[in-house]
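Survey of secondary and tertiary structure
Given next are the chains, with one letter for each unit.
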Number of protein chains: 2
Amino acid sequence: MNTVSIVGVGLIGGSFALALRQAGFAGRIIGVSSPRTIAAALERGVIDEALPLAPAAAAADLIYLAQPIEQILCTLETLDRHLRPGTLVTDAGSTKRAIVGHAAHHIRRGEFVGGHPMAGKESRGVEQAEAGLFRGRPYVLSSRNAVLESWIERIGARLVILDATEHDRLVALTSHLPQLISTALASQITPEAAQVAGPAALDLTRLALSPYEIWRDIFATNADAIEGALGAFIARLEALRAALRSPEMQREFDRAAVAAAALRNLRDPPGPS
Amino acid sequence: MNTVSIVGVGLIGGSFALALRQAGFAGRIIGVSSPRTIAAALERGVIDEALPLAPAAAAADLIYLAQPIEQILCTLETLDRHLRPGTLVTDAGSTKRAIVGHAAHHIRRGEFVGGHPMAGKESRGVEQAEAGLFRGRPYVLSSRNAVLESWIERIGARLVILDATEHDRLVALTSHLPQLISTALASQITPEAAQVAGPAALDLTRLALSPYEIWRDIFATNADAIEGALGAFIARLEALRAALRSPEMQREFDRAAVAAAALRNLRDPPGPS
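Residues numbered from 1 in each chain as written. Chains lettered and ligands numbered in written order. Predicted model: local features only at pLDDT ≥ 70, side-chain atom pairs only at ≥ 80, totals over all residues.

1. Notes on the sheet that holds strand S5 (residues 88-91) of chain A
All names here are of chain A. Under the convention used in this document: Pairing between strands requires that DSSP locate at least two bridges from one strand to the other. Each helix is a run of DSSP H or I of at least 4 residues and each strand a run of E of at least 2, with the numbering of both proceeding from the N terminus. The contact criterion used is a C-beta to C-beta distance within 7 Å, with each C-beta placed from the backbone. Angles shown run from 0 to 180 degrees and are taken between the N-to-C directions of axes, each axis being a line fitted to C-alpha atoms and, for helices, limited to the stretch in contact.
The strand order across the open sheet formed by six strands is S3-S2-S1-S4-S5-S6, and the pairing between neighbours is parallel. Of all strands in the sheet, those with a lone pairing partner are strand S3 (49-50) and strand S6 (111-113), marking the two edges. Judged from the four bridges that link them, strand S4 (residues 62-65) and S5 form a sheet pairing that is parallel. Across the sheet, Leu65 pairs through a bridge with Asp91, a residue of S5. On top of the sheet, helix H1 (residues 11-22) reaches strand S1 (3-7), strand S2 (28-32) and S4; it is set at about 160° to S1, its chief contact.

If you want it as structure tokens, here you go:
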């Protein structure tokens, strides 16, 4: 792998470029982005040079699509004609079914592998990019690919192989449902209630600060799975409401505490000793 | 105010003692607690001496009940006979209607003012007590009292006066509902889903680690208000589910982001410049 083209040099695309460098990638990194972003990316040394999509695609051994979902779908429609045969194409979109399906239709000369690094920050943009963003975080691929898998390991991420439908079902539960919960809760906290809000309310309403622009595409491409997750969650809340005055609640708490602890052990495994 | 008796010298009771000292209280602080807790509290200098409830109550100008709710209810039943007339009695229980109602029935010689400092930590016990625990946090009183109000201000807390019913309705929304949400969500995150869990899932399942012992008394004494908050929250989730594919979602996000931001501005006001 000699040349990587990053399409959309924001927080994720920029961090992937920096992570590749830190992991020992010695080839050329080309950026495709808006003039403002390109200027910032060049100044920070995130990319080596900037090109329009067509020559960037023609030059690349790996194309990394780190745009918003709808733009990834759009790029996939025009990308293939510029690729050398066998070029590896991946993406960093937050939902996978729509993108993987679109790629299957449009990418013929290249090889497409869907990707989703489970990493982020409260602030966006290439100014926030950092080489360590993916370290210790899950990085989902929708199918196996030896080259990508090897780089994902080298940048310190935790490789997870999941087909696109399964990915979308699981992130509906772990990411999209939490966002909707936070949004629903925040809009119920009146100024009167805010007077008595403690750390619990702050923890649970942090996600509600996320701008809708990020979420519009996610809802548009994963509504079925999100509806399923919401329905199951509402059913659990109804079960808790019914158990509020009963000793059954002890078991509900115990089960949830075990799951919450397991989530933490999985995410923060003890280091090598 | 010359003598304060703290009944239940755990995280909250111990922190109140330390906070009083730091705020310039020069009188005597008596602790009423289990032998193990008393030993730790004396060793850390949290209290000056230990006494059983009866002599501690007789000696005090202020009695601070920082036990679990059911134990506060129990203490209120036997406390009055030991009080000197006019002794101020307050508590730190997480719900107020049951306690304030019980106190109205049982406290005749003393004056009872319900209290609820909105402060806590993940770990409990007098070992975790700290003078700054209440700083910047809401501290609710169920009725006005000049002496208590003055100390609450001196320990750096933010005084909020709310009658017991209103308090319980609001904390159902800001504290008890978040706990149930976290418990419900955690128990739905299967090991499979945990593979792709990012910061959102961690943020929203942190409360699910809380032990049920703390919550049993809260549910027992605030079930009505919690049921109301749960019902309204489920209705909001249903509204979001219905809006998932519509532009209405933009307004839902905007409204929630404003509420979440207001919560933060209220809690972290800019310092004096």
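2. Focus on the packing of helix H7 (residues 164-186) of chain A against helix H10 (residues 212-243) of chain B
Two quantities define a packed helix pair, namely the angle between the axes and the distance from one axis to the other. Put simply, the rule reads: Roughly parallel here means an angle under 35 degrees, roughly antiparallel means over 145, roughly perpendicular means 65 to 115, and every remaining angle is called oblique. Handedness of a helix crossing follows the sense of rotation of the near helix relative to the far helix, less than a right angle counterclockwise being left-handed and clockwise being right-handed.
As a packed pair, H7 of chain A and H10 of chain B sit with axes 9 Å apart at the nearest point and diverge in direction by 125°. With respect to H10 of chain B, the axis of H7 of chain A lies oblique. Here H7 of chain A and H10 of chain B pass one another in a crossing that is right-handed. Residue-level inspection shows Leu180, Thr183, Ala184 and Leu185 of chain A of H7 of chain A in contact with H10 of chain B, the latter providing Phe233, Arg236, Leu237 and Leu240 of chain B.

3. Describing the relation of the copies chain A and chain B
Let me state the cut-off plainly: Copies overlap after least-squares fitting; the atoms used are the C-alpha atoms of residues with pLDDT of at least 70 in both.
Each copy superposes on the other: chain A lies on chain B with an RMSD of 0.0 Å after a rotation of 180° and an axial shift of 0.0 Å. Each copy turns onto its partner about a two-fold axis. The share of interface residues of chain A whose copies in chain B are also at the interface is 100%, consistent with both copies meeting through the same surface.

4. Quick word on the domain arrangement of chain A
All names here are of chain A. Note the following rule: Each domain's extent was defined by an automatic or database domain assignment. Polarity classes work like this: nonpolar for Ala, Val, Leu, Ile, Met, Phe, Trp, Tyr, Cys and Pro, charged for Asp, Glu, Lys and Arg, and polar for all others, with Gly in that last group.
Structurally, chain A comprises domain 1 (3-162) and domain 2 (165-267). On a C-alpha basis, the centroid separation for the pair domain 1 and domain 2 is 30 Å. Each side of the interface is counted separately: domain 1 has 12 residues, and domain 2 has 10 residues. Those elements that provide at least two residues to the side of domain 1 that touches domain 2 are helix H4 (69-79) and helix H5 (97-106). For the side of domain 1 that touches domain 2, the per-class residue count stands at five nonpolar, four polar and three charged.

5. Thoughts on the sheet that holds strand S8 (residues 138-141) of chain A
Residue and element names in this part refer to chain A. Taken in spatial order, the three strands of this open sheet run S7-S8-S9, and their pairing is mixed. The open sheet has two edge strands, strand S7 (115-117) and strand S9 (158-161), and neither has a second partner. On average, each strand axis in the sheet is inclined to that of its neighbour by 20°, with strand direction left out of account. In the sheet, S7 pairs with S8 via three bridges, with the strands oriented antiparallel. Within S8, the position partnered with His116 by the bridge is Val140.

6. What about the interface of chain A and chain B?
Residue-level contacts link 70 residues of chain A with 71 residues of chain B. Of all the elements in the fold, those that place two or more residues in the side of chain A that touches chain B are S8, H7, helix H8 (191-194), helix H9 (199-205), helix H10 (212-243) and helix H11 (248-267) of chain A. Split by residue class, the side of chain A that touches chain B holds 48 nonpolar, 11 polar and 11 charged.

7. Quick look at the packing of helix H4 (residues 69-79) of chain B against helix H5 (residues 97-106) of chain B
All names here are of chain B. Packing of H4 against H5 brings their axes to within 9 Å, and their N-to-C directions diverge by 10°. Taken as axis vectors, H4 and H5 run roughly parallel relative to one another. Two secondary-structure elements touch here, H4 through Ile69, Ile72, Leu73, Leu76 and Glu77 and H5 through Ala98, Ile99, His102, Ala103 and His106. Looking at the contact of H4 with H5 residue by residue, the class counts come to seven nonpolar, two polar and one charged.

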